[in-house]
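Here's the letter readout for the chains.
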Amino acid sequence: MSDDSDKFGEALASNIRSARTSLGMTVARLAEVSGVSRAMIAKIERGEAQPTAVLLTRLSGALELTLSELIARAEGDAVRLARRSEQAEWTDPETGYVRRSVSPPARGILELVEVEFPAGASVASPASAYHFREQQIWVLSGHLRFVEGDLVHELDAGDCLQLGPPADCVFVNPTDQPCRYLVVIGKRRG
């Protein structure tokens, strides 16, 4: 593992622990709300486990954060310009999908996330990951099957979907080509 990966893992662990404690949550309470085991949360917070996208999505929803907020580099950074070379990227160890935080790290109500989704990949997200957000998915290239509760949306390049009420969702790339899409996230207030 590279020094950069080690530093990223430490920062991610610290951000999860910090978010949990700032909400006054115990590990047991976070486990209950997120559906992630106490043992796994403890390993993640100690930097002993590389969490998957599914685990991070469950944790971010329970912590009332976006996944990008969990993987952002430094807290309290008021930078308003995000140069491509400085945008935080994270690769899911299970599927290989790459998630890049396009938006500057300043905490605004709007967030842009670019995803490069490998051929044949599938990632599930619980409804709790969407309960305090408005989201749209804009496919930039390739094909994405987005399962939103009982609805199945087949999206091609140029298609844009506004997500409905919170539901368990699954992102699927059923093709033999990668898919690239942008997620636009608006945090609901109040």
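On a predicted model such as this, the values are computed, not experimentally measured, just so you know. (Residues numbered from 1 in each chain as written. Predicted model: local features only at pLDDT ≥ 70, side-chain atom pairs only at ≥ 80, totals over all residues. Heavy atoms only, no water.)

**Notes on the overall build of the protein**
The secondary structure content of the protein amounts to five helices and ten strands. Evaluated residue by residue, the protein yields a buried proportion of 42% over its 190 residues. At a minimum sequence separation of 6, the contacts of the protein that also span at least 24 residues come to 64%. Summing over all exposed atoms, the protein offers an accessible surface of approximately 9800 Å²; the carbon and sulfur share of this is 51%. (Helix = DSSP H or I, 4+ residues; strand = E, 2+ residues; numbered from the N terminus. Buried < 20%, exposed > 50% of the residue type's maximum accessible area, 1.4 Å probe, protein only. Contact = heavy atoms within 4.5 Å. Areas by Shrake-Rupley, 256 points an atom, 1.4 Å probe, with all protein chains shown as cover.)

**Digging into the environment of Arg46**
Tracing the backbone shows Arg46 in the loop between helix 3 (38-45) and helix 4 (53-62). Judged by relative accessible area, Arg46 falls into the exposed class, the value being 52%. Through-space distance from the C-alpha of Arg46 to that of Ser14 is 8.3 Å; in sequence the pair is 32 residues apart.

**Digging into the packing of helix 2 (residues 27-34) against helix 3**
At a minimum axis distance of 9 Å, the contact between helix 2 and helix 3 shows a crossing angle of 115 degrees. In the packing of helix 2 onto helix 3, the handedness of the crossing is right-handed. Residue-level inspection shows Val27, Ala28, Leu30, Ala31 and Ser34 of helix 2 in contact with helix 3, the latter providing Arg38, Ile41 and Glu45. Considered class by class, the residues forming the contact of helix 2 with helix 3 number five nonpolar, one polar and two charged. (Axes fitted to C-alpha atoms, helices over the stretch in contact; angles between N-to-C directions. Left-handed = near helix turned anticlockwise from the far one by under 90°. Nonpolar A, V, L, I, M, F, W, Y, C, P; charged D, E, K, R; others polar.)

**Re empty space enclosed by the protein**
Sizing a probe to match a water molecule and rolling it over the atoms shows the empty space that remains. A full pass over the atoms with the stated rule returns two cavities of 30 Å³ or more. Each pocket or cavity is described by its volume, and for the largest cavity that value is around 240 Å³. Contributing to the lining of the largest cavity are 18 residues, with Thr57, Arg99, Ser125, Tyr130 and Gln135 lying nearest its centre. For the lining of the largest cavity, the secondary structure elements donating two or more residues are helix 4, strand 3 (110-117), strand 4 (122-125), strand 5 (133-141) and strand 10 (179-187). (1 Å grid on protein atoms, 1.4 Å probe; cavity = no way out; pocket = protein on both sides within 12 Å on 5 of 7 lines; lining within 4 Å. Points joined across faces, edges and corners; volume = space filled by probe spheres on them.)

**Examining the sheet that holds strand 7 (residues 151-156)**
Read from one edge to the other, the open sheet built from four strands follows the order 4-9-6-7, with strand pairing classed as antiparallel. Among the strands making up the open sheet, the edge pair consists of strand 4 and strand 7. Averaged over all adjacent pairs, the angle separating strand axes in this sheet is 15 degrees, with direction ignored. As paired elements, strand 6 (residues 143-148) and strand 9 (residues 169-172) share four bridges and run antiparallel to each other. Following the sheet pairing, Glu148 is matched in strand 9 by Cys169. (Pairing = 2+ DSSP bridges.)

**Let's talk about the nonpolar core**
Counting 40 residues, the largest nonpolar core has Phe117, Leu144 and Tyr181 as its most contacted members. Among the elements that line this core, the one with the most residues is helix 4, at five residues. Leave out the neighbours within four places in its chain, and Leu144 touches Phe117, Ile137, Val139, His153, Glu154, Leu155, Phe171, Val172, Cys179 and Tyr181. (Core = buried A, V, L, I, M, F, W, Y, C linked by side-chain atoms within 4.5 Å.)

**With respect to helix 2**
Taken as a whole, helix 2 has its buried residues at Leu30, Ala31 and Ser34. Summarising the axial view, the buried residues of helix 2 lie within an arc of 100 degrees, below the 170-degree limit, and thus occupy one face. One or two residues past the end of helix 2 sits Gly35, with phi positive at roughly 80 degrees. (Arc of directions from axis to C-beta.)

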